[in-house]
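Architecture at a glance
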Amino acid sequence: MRPRLLAEDADFSFATPHDPVTADLITDLELPILWEAMAGGDGRIRAVSSAVTLRPLTDPAAIAYRQDALADALHNPAAVRALYVLAREAVAEEEKVPRGVNSRSDGRLRRALRVLDVFCARLRALAALAAAHRTAFASPAFTRLFRMIAANLDDAYLREVERMLVLLEFDGGIAATGGLGPGNRPTGFALHEPPGARPERRWRRAGTRHRASGENDEDWRALAGFRAALLGGAADAATASADAVRDFLAALRDELAFYVGCVNLAEALAAHGLPLCRPEPRPPEDRALSARGLYDPCLALRLGGPVVGNDLAGDGVGLVLVTGANAGGKSTFLRALGVATLMAQAGMAVPAVSFAASPADGVFTHFRREEDGTLTRGRLADELARMSAIADRVRLGSLLLSNESLASTGEREASALAVDLLRAFTAHGVRTAVVTHLTTLATALRTTPFTPTLCLRTSPGYRLLPEPA
């Protein structure tokens, strides 16, 4: 039983990539600021938010599946938070139940029963929450989840589970049948419901009794081995059941954590009067890229106030060239485009009035670095090494954001290198957005374009405007 809130047909991996190219992306786009706002002080939400953001989807249908679920979460924030807290606390309670220091069957059974008892109360609360709120949700993801909870966690089922937990304490003794096989070895033994089982719980060692007078060590060892063999199957079954419930609740916690993070972010940006929109995922063949009022949410969160947004009309464009005065908003625009792309393909609302784009098959950044005295090679060699690492990973449909790249060498050499690199990237279907102060490079890209190019230039008020044709 899986929640399937993040993906309709597959489990989601919450492993976060750890490599230099991804590290550059995180640094260049200032993504930790975004994740902290999503987390709201919750480490689990932060970890999940970073993992989901760094694994963008490329299938428009899969993106729409998450967007529908997010719409439900934004309309029902209290219910989604309550579900998340319930799942989180249930898993936390399970982790507090001691595991013991050995693998004896009676010890494993006792722990499994404790865990299942904890989970039973939580599953009742989960069923009640789902029943109370299910009519307010319309997305396929949440509708499926609530339907699954109603079908599997009805009151009759939970009462039967509670009855079995009482029986498995063996307060009335262990009842079993079986016989002797070759060599008088026990065979065909099976547990049965013991007579006189009482409903109250004592949480003692299952099936334990004190050693009677007159029993010798051999008799006692035989009896202990017999009891362990009988309880082994029950312990295995109870442990497997406890593990299955724990896995479901842990998955529910993690998948809900993403939507709670999205709600937290929406509320944080709304407090500054900043909009979020549902992006429109377009087919890859459209090569769509357009936006109105696109802004950098990380800058807004860092400054604690509203920031300027920009429009973008880049449908069919292979290269976006951004030039103009320093501190005019060029780098901010580049970050806004990168963050919006990741957010859109994570299934999140996007920081813009409107945003429509064909999914990018990976987002990559190559930003200028400040002087670093620890480098063992020259700055140009370092820049080319980082660009080479990106070249090894880009694919048809990737998005590359280049911010003052190759500025560590002379203008003519840097411009020639940049033209060759950009020509190669765009020839392989990599959409590229370039911020540069190199006049030679900007002139070459304007006058002899090798791919459809959109030229933007800074203007007063941190706005970027298209250059006249």
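A short tour of the structure in this document, coming up. (Residues numbered from 1 in each chain as written. Predicted model: local features only at pLDDT ≥ 70, side-chain atom pairs only at ≥ 80, totals over all residues. Heavy atoms only, no water.)

On to the packing of helix H12 (residues 379–391) against helix H13 (residues 411–427), then. Between H12 and H13, the least distance of the axes is 12 Å, while the angle of their chain directions is 5 degrees. In terms of axis orientation, H12 runs roughly parallel to H13. Of the residues in H13, those in contact with Leu380, Met387 and Ala391 of H12 are Glu413, Leu417, Leu421 and Phe425. When the residues that make up the contact of H12 with H13 are grouped by side-chain class, the tally is six nonpolar, no polar and one charged. (Axes fitted to C-alpha atoms, helices over the stretch in contact; angles between N-to-C directions. Helix = DSSP H or I, 4+ residues; strand = E, 2+ residues; numbered from the N terminus. Parallel < 35°, antiparallel > 145°, perpendicular 65-115°, else oblique. Contact = heavy atoms within 4.5 Å. Nonpolar A, V, L, I, M, F, W, Y, C, P; charged D, E, K, R; others polar.)

Strand order across the open sheet formed by four strands is E3-E7-E4-E5, with mixed pairing between neighbours. Every interior strand has two partners, whereas the edge strands, strand E3 (280–281) and strand E5 (310–313), have only one. Pairing analysis gives three bridges linking strand E4 (residues 289–294) to E5, with the strands arranged antiparallel. The residue bridging Ser290 from the neighbouring strand is Ala313, located in E5. Packing of helix H11 (residues 330–346) onto the sheet brings it into contact with E4, E5 and strand E7 (354–357), and relative to E4 it is tilted by some 110 degrees. (Pairing = 2+ DSSP bridges.)

Enumeration according to the criterion identifies two cavities of 30 Å³ or more in this entry. Within this model, the largest cavity holds a volume of roughly 100 Å³. Lining the largest cavity are Met387, Ser402, Ser405, Leu406, Ala418, Leu421, Leu422, Phe425, Val434, Val435, Thr436 and Leu441. Secondary-structure elements contributing two or more residues to the lining of the largest cavity are H13 and strand E10 (431–435). Looking at the lining of the largest cavity element by element, the count peaks at four residues for H13. Classifying every residue of the lining of the largest cavity by side-chain character gives nine nonpolar, three polar and no charged. (1 Å grid on protein atoms, 1.4 Å probe; cavity = no way out; pocket = protein on both sides within 12 Å on 5 of 7 lines; lining within 4 Å. Points joined across faces, edges and corners; volume = space filled by probe spheres on them.)

This part is about the pairing of strand E8 (residues 363–367). For E8, the tally of buried residues reaches five of five residues, placing the bulk of the element in the interior. Examined bridge by bridge, E8 and strand E9 (residues 399–403) share five bridges and lie parallel to one another. Paired with His366 across the bridge in E9 is Ser402. (Buried < 20%, exposed > 50% of the residue type's maximum accessible area, 1.4 Å probe, protein only.)

Here we take up unusual backbone geometry. One non-glycine residue with positive phi stands out, namely Glu30, at about 55 degrees. Examined against the element boundaries, Glu30 turns out to sit in the loop between helix H1 (20–28) and helix H2 (31–39).

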